[in-house]
Amino acid sequence: MKVMIIGATGLLGKALLREWRGDEVVGLGSGDLDIRDAGRVREAVNAAQPKWIVLAAAFTDVDGCESNSDLAFAVNRDGPVNVAQAAKNAGARLLFLSSDYVFDGRKTTPYETDDVRNPQSVYGRSKAEAEVRLLEESPDCCIARTSWLFGAGGKCFPDTILKLAASRPALDVVDDQRGSPTYSVDLARAIIDLCRKEAHGIVHATNSGECSWFEFAQEIVKASGLTTPVRPVSSRQMARPAPRPAYSVLSAKSLRRYGIEMPEWRHALRHYLEERKS
Ligand SMILES: NC(=O)c1ccc[n+]([C@@H]2O[C@H](COP(=O)([O-])OP(=O)(O)OC[C@H]3O[C@@H](n4cnc5c(N)ncnc54)[C@H](OP(=O)(O)O)[C@@H]3O)[C@@H](O)[C@H]2O)c1
């Protein structure tokens, strides 16, 4: 089958391009196609005639979205609507990447796909509104929510922690936000599987297990053989422009319905650290 990956120059897009074998894959970055331009999106999709479009493009700077909400909604909500309309017009299926930040974080057990959205940030609102619009526009689309993405070929939390651990005497990391770190390679494999299994509706796709950012940082430092102390701090002490959910673990039930299991996050982290060395 033919597949179009929009957002192919991003963290997930790069992993999708590397992992997707046996099908014809076209990858586009923002320089090839700006999803805000409905006319160009329609032209590109009509020209390629893909069976699946994986939409991994987004304005992912969560704090940047707070001060640039017009851009956040244009790229994260209106752009996906353009892609959904073009997909419908060309008879292509759409898999859209969404986020754990569509939830408010007040739960203490994993979020199910039908839990109520209540985003706390501009980024979260832009993704939540995109989900609603896409389900109206093309009810058979697949929305894959993921969380705390890391991987090779871009800025990510483990990479930042390793750079800071090498240059600072100690690291302060927030301990009151819990989620599931997710390796771009494992997510790419799950997405490929979802497309091949003709998935539709909302699916939660993250590595299994959960931790706080502090625990994640501790594990990164330990697994890399470093001894830099990591100290727990509260979100209030490390104030940032965008509020984050205190708890955003996503339940794996929806993924299991497709017979897909993703590895535990510590296992995924070790794979990433090996990939980073090579
Ligand atoms: N990162 C996370 O922790 C996280 C967590 C939950 C969900 N997600 C979602 O997962 C998906 C993939 O995230 P990621 O971390 O791989 O993103 P990323 O590394 O920030 O990459 C973003 C991609 O979007 C493209 N893009 C940005 N604006 C565009 C526009 N106007 N038109 C077309 N393309 C545009 C970029 O193209 P250029 O590089 O060529 O400009 C790049 O390919 C996103 O939907 C994101 O919201 C991410």
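Residues numbered from 1 in each chain as written. Predicted model: local features only at pLDDT ≥ 70, side-chain atom pairs only at ≥ 80, totals over all residues. Heavy atoms only, no water.

K.L.:
Even after reading the chapter, I still don't get the pattern of salt bridges, so can you show me in this structure?
P.N.:
For side chains bearing opposite charge, pairing can occur when the charged atoms are close. Across all of its chains, the model carries 31 salt bridges by this definition. Taking the shortest distance from any N to any O, the salt bridge between arginine 240 and aspartate 63 comes out at 3.2 Å. Of the two residues, arginine 240 is situated in the loop between β12 (230-233) and α9 (253-256) and aspartate 63 in helix α3 (residues 62-67); the sequence distance between them amounts to 177 residues. Taking the relative accessible area as the measure of exposure, aspartate 63 reaches 16% and is therefore buried. Note that arginine 178 is salt-bridged to glutamate 210, the shortest N-O span being 2.9 Å. With a gap of 32 residues between them, arginine 178 in strand β8 (residues 178-179) and glutamate 210 in the loop between β10 (201-204) and β11 (211-212) connect regions that are remote in the sequence. Connected through salt bridges with shared partners, the residues Glu219, Lys222, Glu264, Arg266 and Arg270 form a single ionic network. (Salt bridge = Lys/Arg side-chain N within 4 Å of Asp/Glu carboxyl O. Helix = DSSP H or I, 4+ residues; strand = E, 2+ residues; numbered from the N terminus. Buried < 20%, exposed > 50% of the residue type's maximum accessible area, 1.4 Å probe, protein only.)

K.L.:
Any chance you could explain the pairing of strand β2 (residues 24-28) here in plain terms?
P.N.:
Regular strands place side chains that alternate from one sheet face to the opposite one. Where strand β1 (residues 2-6) meets β2, five bridges bridge the pair, whose relative direction is parallel. In the sheet register, lysine 2 faces β2, and the bridge partner there is glutamate 24. Note that the unit made of β1, helix α1 (residues 11-19) and β2 has a crossover that is right-handed. (Pairing = 2+ DSSP bridges. Right-handed = clockwise from strand over helix to strand, strands pointing away.)

K.L.:
Please explain the site of the ligand as it appears in this structure.
P.N.:
Among the 26 residues in the neighbourhood of the ligand, the closest are listed as Thr9, Leu12, Ser30, Thr60 and Tyr123. Within the backbone of isoleucine 35, one N or O atom sits 3.0 Å away from a nitrogen atom of the ligand. Relative to its unbound accessible area of 910 Å², the ligand is 79% covered by the protein chains. Broken down by secondary-structure element, the contributors of at least two residues to the shell around the ligand are α1, β4 (93-99) and α5 (122-137). The greatest single-element share of the shell around the ligand, amounting to three residues, is contributed by β4. Taken together, the residues that form the shell around the ligand break down as 13 nonpolar, ten polar and three charged. (Near = heavy atom within 4 Å. Polar contact = N/O pair within 3.5 Å; in protein donor to acceptor, adjacent residues only side chain to side chain. Areas by Shrake-Rupley, 256 points an atom, 1.4 Å probe, with all protein chains shown as cover. Nonpolar A, V, L, I, M, F, W, Y, C, P; charged D, E, K, R; others polar.)

Function cannot be inferred from these measures alone, as they are strictly geometric.
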